[in-house]
Amino acid sequence: MNHAIDELKVPLDKEIKLRDVDPAGTHGVTRENAADPLMKHLKRLSVLQYLLYAEGRRSLLVVLQGIDAAGKDGTIRRVMSGLNPQGVGVTAFKVPEGEEKRHDYLWRIHKAVPEHGQIGIFNRSHYEDVLVVRVHDLVPKSVWSERYRQINHFENMLSENGATIVKFFLYISKEEQAQRFRKRLEDKRKNWKFSPDDLKEREYWDSYIEAYEDVLRKCNHDYAPWYVIPANHKWFRNLAVAQILVETLEGMKLQYSKPSADVSQIRFE
Ligand code: AMP
Ligand code: MG
């Protein structure tokens, strides 16, 4: 699905409408022929991570967003499974508390940006500050509406300082969400994942879609592109995310840093 990847990238010059995207879409890939490419991508990811670490001058920041039950945790578990834990960090952003609340909304985000050589994964992110915050009027519109510009400047600054940023919106349908919630209720091993708040949030579905569309239009740039991943099918979601990560890292043209000594001259007994 090589060219399909380009179709998942949100165009820079066009206003995206999520209703034009099929959350169950698989871009011509079938479940059977997804398994081998996924394994191939996961292997390559591991090599590229090693190179990123060996180069030690740049980092990869992966932003994962999606409505409740969209599969953020599952994506991290599956796609990052082959990475070296020493070189990767996951940060989950919850309702801000304590000192987080006593700073600007980007403070906790900036602190979690991966250091050079590392991959950092954000399970939710600063985008919550123009999503849940906007949907529930947690701050006035005059405040959240300025944040798109602030986020663009922030991400631009990060990218100019060595961070390659890639952003995924995991897109499931409202029906798929209902099914996943039902599973969380029925399956004893999944009960813990269920929160009554999730059902309350579900009532705001349309407002979330609208808020997501604004994010995808206003905060989509070459230096920090958005991808909309049809995520009803977990196998397609995993394949797409893995492939985009591989291509993003390949695009960085990573190189081993120069050894600190002329290794050809070194002799020892
Ligand atoms: P979960 O990802 O299911 O563990 O839930 C985390 C919760 O924290 C979600 O309901 C998010 O909407 C919420 N959250 C994350 N960031 C913020 C934020 N900046 N302001 C308000 N709520 C947030
Ligand atoms: Mg949740």
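Let us look at the structure shown here. (Residues numbered from 1 in each chain as written. Chains lettered and ligands numbered in written order. Predicted model: local features only at pLDDT ≥ 70, side-chain atom pairs only at ≥ 80, totals over all residues. Heavy atoms only, no water.)

A few points about the packing of helix H2 (residues 35–55) against helix H11 (residues 234–251)
Then comes step 1: In the contact formed by H2 and H11, the axes pass within 9 Å of each other and the chain directions differ by 35°. Between H2 and H11 lies a crossing whose hand is left-handed. Residues Pro 37, Leu 38, His 41, Leu 42, Arg 44, Leu 45, Leu 48 and Leu 52 of H2 pack against Asn 238, Leu 239, Ala 242, Gln 243, Leu 245, Val 246, Leu 249 and Glu 250 of H11. (Axes fitted to C-alpha atoms, helices over the stretch in contact; angles between N-to-C directions. Helix = DSSP H or I, 4+ residues; strand = E, 2+ residues; numbered from the N terminus. Left-handed = near helix turned anticlockwise from the far one by under 90°. Contact = heavy atoms within 4.5 Å.)

Topic: the environment of Ile 121
Then comes step 1: As for its placement among the helices and strands, Ile 121 is situated in strand E3 (residues 119–123).
Then comes step 2: For the pair Ile 121 and Ala 70, spaced 51 residues apart in sequence, the C-alpha separation works out to 16 Å.
Then comes step 3: What Ile 121 contacts, discounting residues up to four positions off in sequence, is Val 62, Leu 64, Ile 76, Met 80, Val 88, Gly 89, Val 90 and Thr 91.

Topic: the site of ligand 1
Then comes step 1: Contacts to ligand 1 come from Phe 93, Lys 94, Val 95, Pro 96, Arg 108, Arg 124, Glu 128, Asp 129, Val 132, Val 133 and Leu 138.
Then comes step 2: In this structure, an oxygen atom belonging to ligand 1 sits 2.4 Å away from a side-chain N or O atom of Lys 94.
Then comes step 3: A distance of 3.2 Å separates a nitrogen atom of ligand 1 from a polar atom in the side chain of Arg 108.
Then comes step 4: Contact with the protein chains covers 74% of the free accessible surface of ligand 1, which is 500 Å².
Then comes step 5: Partitioning the shell around ligand 1 into residue classes produces 6 nonpolar, no polar and 5 charged. (Near = heavy atom within 4 Å. Polar contact = N/O pair within 3.5 Å; in protein donor to acceptor, adjacent residues only side chain to side chain. Areas by Shrake-Rupley, 256 points an atom, 1.4 Å probe, with all protein chains shown as cover. Nonpolar A, V, L, I, M, F, W, Y, C, P; charged D, E, K, R; others polar.)

So, the packing of aromatic side chains
Working definition: an aromatic ring pair is given by the centre-to-centre distance plus the angle between the planes.
Then comes step 1: Using the criterion set out here, one finds 8 aromatic pairs in the structure.
Then comes step 2: Seen from their ring centres, Trp 144 and Tyr 148 are 6.4 Å apart, and the 85° between their planes marks the pair as edge-to-face.
Then comes step 3: Members of the aromatic cluster, each reached through a chain of ring pairs, are Phe 169, Tyr 171 and Tyr 212.
Then comes step 4: Over the ring of Tyr 105 we find Arg 147; its NZ or CZ atom is 4.2 Å from the centre of that ring.
Then comes step 5: If you follow Lys 218 out to its NZ or CZ, it ends over the ring of Tyr 148, 5.1 Å from the centre. (Phe/Tyr/Trp six-rings, centres within 6.5 Å; stacked < 30°, edge-to-face > 60°. Lys NZ or Arg CZ within 6 Å of the ring centre and 35° of its normal.)

What to know about helix H3 (residues 72–79)
Turn by turn, an α-helix covers 3.6 residues, leaving residues three or four places apart pointing in a common direction.
Then comes step 1: Considered for burial, the residues of H3 that qualify are Lys 72, Gly 74, Thr 75, Ile 76 and Val 79.
Then comes step 2: Those residues of H3 hidden inside the fold are in contact with H2, strand E1 (59–66), strand E2 (88–92), E3, strand E4 (163–171) and H11. (Buried < 20%, exposed > 50% of the residue type's maximum accessible area, 1.4 Å probe, protein only.)

Brief notes about a nonpolar patch on the surface
Then comes step 1: A cluster of nonpolar side chains, contributed by Val 263, Ile 266 and Phe 268, occupies part of the molecular surface with about 370 Å² of accessible area.
Then comes step 2: Checked against the element boundaries, Val 263 lands in the segment after H11. (Patch = residues over 30% accessible without salt bridge, like charges linked within 9 Å, V, L, I, M, F, W, Y side chains within 5 Å. Salt bridge = Lys/Arg side-chain N within 4 Å of Asp/Glu carboxyl O.)

Notes on the pattern of salt bridges
Then comes step 1: Using the criterion set out here, one finds 18 salt bridges in the structure.
Then comes step 2: As a salt-bridge pair, Asp 197 and Lys 200 come within 3.4 Å of each other at their nearest N and O atoms. Placement of both Asp 197 and Lys 200 in helix H9 (residues 196–202) is noted, with a separation of 3 residues, approximately one turn of the helix.
Then comes step 3: On the accessibility criterion, Asp 197 (44% relative accessible area) is partly exposed.
Then comes step 4: One salt-bridge network, held together by shared partners, links Glu 15, Arg 134, Glu 210, Glu 213, Asp 214 and Arg 217.

Concerning the pairing of E4
Then comes step 1: Of all 9 residues in E4, 8 are buried, a share of seventy percent or more.
Then comes step 2: Pairing of E4 with strand E5 (residues 226–230) involves 5 bridges; the strand directions are parallel. In the strand pairing of E5, Lys 167 is matched with Trp 226. (Pairing = 2+ DSSP bridges.)

Observations regarding helix H10 (residues 205–218)
Then comes step 1: The end-to-end C-alpha separation of H10 is 20 Å, in line with the 20 Å expected for 14 residues at 1.5 Å each.
Then comes step 2: Turning to H10, its buried residues number three or more, namely Trp 205, Tyr 208, Ile 209, Ala 211, Tyr 212, Glu 213, Asp 214, Val 215 and Leu 216. (Expected span 1.5 Å × (residues − 1).)

Some remarks on the side chain of Arg 237
Then comes step 1: Along the chain, the position of Arg 237 falls in helix H11.
Then comes step 2: Once residues within four sequence positions are removed from consideration, Arg 237 is found in contact with Ala 70, Gly 71, Gly 74, Thr 75, Leu 170, Arg 180, Ile 229, Pro 230 and Ala 231.

Some remarks on the sheet that holds E2
Then comes step 1: The 5 strands are arranged E2-E3-E1-E4-E5 in an open sheet whose pairing can be described as parallel. The sheet is open, and its two borders are formed by E2 and E5, each paired with just one other strand. Pairs of neighbouring strands in the sheet enclose a mean axial angle of 20°, with direction left out of account.
Then comes step 2: Of the strands in this sheet, E1, E2, E3 and E4 touch H3, which is tilted by about 145° from E1.

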